Amino acid sequence: MTSNLSTETKKTFEDLQKPTMALIASFYEMPTEVKGIFSDVMAIYEANPTEENAKILSDTIMGRTSVEDKKAWIKENVATVSPTVRAAAKKKYIDEQQSVPNGVPTSGMMLVGLDIVSRAEKNALMEAQAAVRLISHVDVAHDYQPKTNYQNADGSFEKAFLDKPFATKMQRLEHLVDAVVNDVYTQEEESRDEFWKTRVSGEPMPSTEDYTIPSVKSFCQRNVFLQKARNEALNTLGRVAQTLEKTNPEAAKRISAMTDSLDVSKKLGVVRTLSMIEQIEDFYGKIFSSVVLYPSYPSYREDGLKRVKKINEEISKHLDVFKESQEPLSKEDYDALKESVKDRPVAGLVEHRTRQILSMEAAEMARQQMEIKVRD
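Only a predicted model underlies this, so the values are computations on that prediction, with no experimental measurement involved. (Residues numbered from 1 in each chain as written. Predicted model: local features only at pLDDT ≥ 70, side-chain atom pairs only at ≥ 80, totals over all residues. Heavy atoms only, no water.)

With that settled, the discussion passes to the pattern of salt bridges. Per the stated rule, a full pass over the model turns up 26 salt bridges. When the shortest N-O distance is used, the salt bridge between Glu68 and Lys71 registers 3.9 Å. Remark: Lys71 and Glu68 occur in helix H5 (residues 67-78); sequence separation between them is 3 residues, near one turn of the helix. What makes Glu68 exposed here is its relative accessible area of 53%. Ionic pairing is found between Lys169 and Glu232, a salt bridge with its closest N-O pair at 3.2 Å. On the criterion of sequence distance, the pair formed by Lys169 in helix H9 (residues 169-197) and Glu232 in helix H11 (residues 224-244) is long-range, its members being 63 residues apart. The class for Lys169 is partly exposed, based on a relative accessible area of 24%. Residues participating in the shared-partner salt-bridge network are Lys331, Asp335, Lys338, Glu351 and Arg355. (Salt bridge = Lys/Arg side-chain N within 4 Å of Asp/Glu carboxyl O. Helix = DSSP H or I, 4+ residues; strand = E, 2+ residues; numbered from the N terminus. Buried < 20%, exposed > 50% of the residue type's maximum accessible area, 1.4 Å probe, protein only.)

Written out as structure tokens, the structure reads:
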């Protein structure tokens, strides 16, 4: 789990969860002027927040002109923007790191357009970002707040930018997992509040850290869907490391080392341990059968064996979850998830993201089949 990471792998884990610009700066040399350029681009937009202006900015940043020509164009146009608008844009998009409006070039697009990173490298790091955030959710490695609404005022679901065509499966799966874990947290907090109402007079209120968090972590460890999603995130990180191996070997090495540290099933040796369960029962069975029974304790042997079997059953359940988590998420897994939250506030978001993910998988499968036909 994330609590067992070394200092180096923990830093990689934290770096990969940063906002795009800070994320890329953690793995690439970042010119000091980049933040200023991004702030200037957003100031140009804020001075005239229209779709047409957004398109002009996007076409300029992602166009084929030289980096120096792009910088010159930005400098010329931002000079006409008032200091007040420029200061407000910096506060909004640099200091507060708010999401850019639809159609406006993102910080990731800017880094590609300014030749800081290639499009393939940027996309790989964005996938790693989503994968590590997903693992952080499942391992309950960050704080949550109770939530009973997952929709915006206009009826769209939170993180509406994930409805755009450029959103990847891992990004949508990360959001889905985040919402599911947040809902479990909310339920446990509700349970804690109910417990407080029935407490014995003078009994202290159990803290969130002592009551809620352990329950949420236990749920996540036992939940097959969440553990399968975690394993898919690990597989994604492995692919990212391979993608970066030639262009940024140091980043690839860091991500690969972190991924190995996060691979719980590899550490546990799940398959081998499951095969030993029967040997454990047999071992204790022989011990208890050799015990001299006293007349006053005729059931000592049977009770002892029952305790051993009960412990082994619990161990087996956890190991079975880890073993099953090696399989990819299926439609049946998504259907079971929807059924489990059908009466919760998160149900609509789960349905929405699930439909998107399954549609993406179907389209990818159709594409692969078409490629096979073409080759044949």
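The next point concerns the nonpolar core. Ranked by size, the top nonpolar core spans 84 residues in total, and within it Leu16, Leu125, Leu173, Leu176, Val177, Phe225 and Leu244 carry the most contacts. With 10 residues, the top contributor of residues to this core is helix H8 (residues 119-138). Each residue touching Leu173, except ones within four places of it in the same chain, is listed here: Leu134, Phe225, Ala229, Glu232, Leu329, Tyr334 and Ile357. (Core = buried A, V, L, I, M, F, W, Y, C linked by side-chain atoms within 4.5 Å. Contact = heavy atoms within 4.5 Å.)

So, on to helix H16 (residues 331-340). By the burial criterion, the buried members of H16 are Asp333, Tyr334 and Leu337. Down the axis of H16, the buried set is contained in an arc of 100 degrees. They therefore lie on one face. The secondary structure elements touched by the buried residues of H16 are H9, H11 and helix H17 (347-375). (Arc of directions from axis to C-beta.)

So, on to the layout of surface pockets. Looking at the largest pocket, its volume works out to about 1,400 Å³. Thr20, Ser99, Met126, Gln129 and Phe161 are the residues nearest the centre of the largest pocket, which is lined by 41 residues in total. Among the secondary structure elements, those contributing two or more residues to the lining of the largest pocket are helix H2 (20-25), helix H3 (34-47), helix H6 (83-95), helix H7 (107-113), H8 and H9. Tallied by class, residues from the lining of the largest pocket come to 16 nonpolar, 17 polar and 8 charged. Approximately 360 Å³ is the volume attributed to the second largest pocket. If you trace the second largest pocket, you find 18 residues lining it, with Glu127, Met170, Glu232, Thr236 and Arg239 closest to the centre. (1 Å grid on protein atoms, 1.4 Å probe; cavity = no way out; pocket = protein on both sides within 12 Å on 5 of 7 lines; lining within 4 Å. Points joined across faces, edges and corners; volume = space filled by probe spheres on them. Nonpolar A, V, L, I, M, F, W, Y, C, P; charged D, E, K, R; others polar.)

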